[in-house]
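Given next are the chains, with one letter for each unit.
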Amino acid sequence: MFTCESPWSRIPARWALAGLAALALAAAPVRADDVKDAIVKIYTIVNTPDYYNPWSMRGTGAGTGSGAIIKGRKILTNAHVVGNQTFIQVRRYGEARRYTARVLEVSHEADLALLTVDDPDFFARGPALELGPLPDAQEEVLVYGFPLGGDTLSITKGVISRIEHQTYSHSSANLLAGQIDAAINPGNSGGPVLIDGKIVGVVMQGMTQADNIGYMVPANVVRHFFADIEDGGRAGFPSLGVVLQEMENPDLKRKYRMPVEQTGMLVTRVLPGSPADGALKEGDVLVSLAGHPIADDGTVEFRPRQRTSLSYWIQERQVGEPIEVGLWRDGAPQALSLALDRPAAEDPLVPNEQYDVLPSYYVYGGVVFSPLSKNLLRMWGPNWFANAPNELMAFLSDNVPEVEGEQVVLALKVLAADVNQGYHGLSNWVVETVDGQRIRTMRELIAAVEKGAGNEFITFGDGSGQVLVLDRKKAEASTTDILNTYRIAADRSPDFKP
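Computed from a predicted structure; not experimentally measured.

Q: Sorry if this is basic, but what is going on with the sheet that holds strand β24 (residues 367-371) here?
A: Backbone hydrogen bonds are what pair the strands of a sheet, in a parallel or an antiparallel way. Reading across from one edge, β23-β24-β25-β26 is the order of the 4 strands in this open sheet, with antiparallel pairing throughout. Two strands in the sheet have a free side with no partner beyond their single neighbour: β23 (362-364) and β26 (429-430). Bridge count for strand β25 (residues 409-414) against β26 is 2 bridges, and the pairing is antiparallel. Within β26, the position partnered with Ala411 by the bridge is Trp429. Against the sheet, helix α9 (residues 442-451) makes contact with β23, β24 and β25, and its axis sits at roughly 25° relative to β23, the strand it touches most.

Written as structure tokens, this is what we have:
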């Protein structure tokens, strides 16, 4: 019944990534035999951070994926094929030699990446594939890739079953996706989906509970990625910043003095610091975006008789661009123009999956503080949504900050030492106050700790009145010994160093 405009949601268990096990004008289609010469196999070495021991890495692993050569001496593939990479090689179809590659650009929320190879011999022959249009349902497609780690190119035929918003497993983003009935297996990730020799999508993920159902990143999401990186930045997709409720109940419409024929979505919350903050309010009804009517179930028409989430018309724009918003407020229609000046990635209280970055942490008196994130929750394994502590999972059910930039700050664990005796079993404890002062971010916690340097004790508190008290002089005197004992290079992560 309730939905959030922001494109973030929890990943259901049925999804599985399919891998790691301005463009030219229309031209003649690439012949099928030539297409093969544009397909590459990608070999990746990765090293993933350990979010429960945030100063450490979990060790290297290897995987493979697929990609397609496009113009500009680039290779288009999935972000999850190269996320947390330390070394990448690529091999062209029909060749034995591997070339060292590097990442040029990556959008983890759209699960897309561009690679290149510095050796000019790699691009010396073969075509560069072009991007085609967003396909229609029931169109026949060819899927190219190297599934299951095989060295022989696989080509499977399928049909576009439908195009609608889906949760991207790699990022938890809810974006437009194309469903195809071709076989999608590990190693297919990043391979192109082609119609008439043009890329209409990039293989992304499969559904583990069904046969021959896979999903691709569609061409218009790829185009958005290309446009996003043209200025050298990666802002991602914008967000309006509202939580919405369906309005299919006629009495609900009557309460807000809406005509029975008027449709829209009720604004139940406005996210702080978002484009809607100060412009929209609770009790407004969102009736249109960019002139496109919104149905009572939160869908919009993006092509004749084809519907998907209302986020479509927001996500078609770049961060910073304006959008016309139609409202029903106080019994009358209104129109606003809002600048979509904040990325959707900044909306949730608990950040979604992050890659190619190190965890944040702070150690004081042997207590390890760290923010709650999807990366941390995933440390509870493939079934993290069932195995992670309930008190932490509860934050995902109402994943909206009270103030802009708010974090859930945890006393993640305690590194046992004399100074913290009695607290050794403490873990995943939500910290809300330091010396009685409300803190909402890791930076505020660190500032509060260091501000009270002259006090005898320091007191950390949660929301229920429980406290963790340390002797300040003992805590500060123990720092070096604790760090040395547990082989930790610094008392804080690089993002918190002066």
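Q: Just checking my understanding: could you explain the layout of surface pockets for this structure?
A: A water-sized probe, rolled over the atoms, reveals where empty space remains. Considered as a void within the structure, the largest pocket measures approximately 1,200 Å³ in volume. Around the largest pocket sit 43 residues that line it, and Ala345, Glu346, Pro351, Asn352 and Gln354 are the ones nearest its centre. When residues of the lining of the largest pocket are traced back to their parent elements, those giving at least two are β7 (99-107), β24 and α9. Among the residues making up the lining of the largest pocket, the classes are represented as 19 nonpolar, 13 polar and 11 charged.

Q: Can you help me understand the sheet that holds strand β8 (residues 112-117) in this one?
A: Pairing is antiparallel around the closed barrel formed by 6 strands, whose spatial order is β3-β4-β5-β8-β7-β6. Along the sheet, successive strands turn relative to each other by an average axial angle of 40°, direction set aside. The sheet contact formed by strand β3 (residues 39-49) and strand β4 (residues 57-70) spans 10 bridges and is antiparallel. Bridging from a neighbouring strand, Ile39 pairs with Ala68 of β4. Contacts from helix α3 (residues 219-228) reach β4, β5 (74-77), β7 and β8 within the one sheet, and its direction differs from that of β8 by about 60°.

Cut-offs and rules
Residue indices begin from 1 for each chain and proceed along its sequence in written order. Only residues with pLDDT of at least 70 get local features here, since the model is predicted, and only at 80 or more are side-chain atom pairs given and counted; chain-wide, interface and lining totals rely on the full set of residues. Excluding hydrogens and water, the side-chain figures rest on all heavy atoms present in the structure. A pair of strands counts as paired when DSSP detects no fewer than two bridges linking them. Secondary structure elements follow DSSP: runs of H or I no shorter than four residues count as helices, runs of E no shorter than two count as strands, and numbering proceeds from the N terminus. Whether two residues are in contact is decided by their heavy atoms, any of which lying within 4.5 Å being enough. Think of each axis as a best-fit line through the C-alpha atoms, taken over the contacting stretch in the case of a helix, with angles from 0 to 180 degrees between the N-to-C directions. Cavity: a set of points on a 1 Å grid over the protein atoms alone where a 1.4 Å probe fits but cannot get out. Pocket: an open set with protein on both sides within 12 Å along at least five of seven lines, its lining residues, like those of a cavity, having an atom within 4 Å of a point. Grid points are joined across faces, edges and corners, and a volume is the space filled by probe spheres set on the points. Under the grouping applied here, Gly and all other residues not named as nonpolar or charged are polar, the nonpolar ones being Ala, Val, Leu, Ile, Met, Phe, Trp, Tyr, Cys and Pro and the charged ones Asp, Glu, Lys and Arg.

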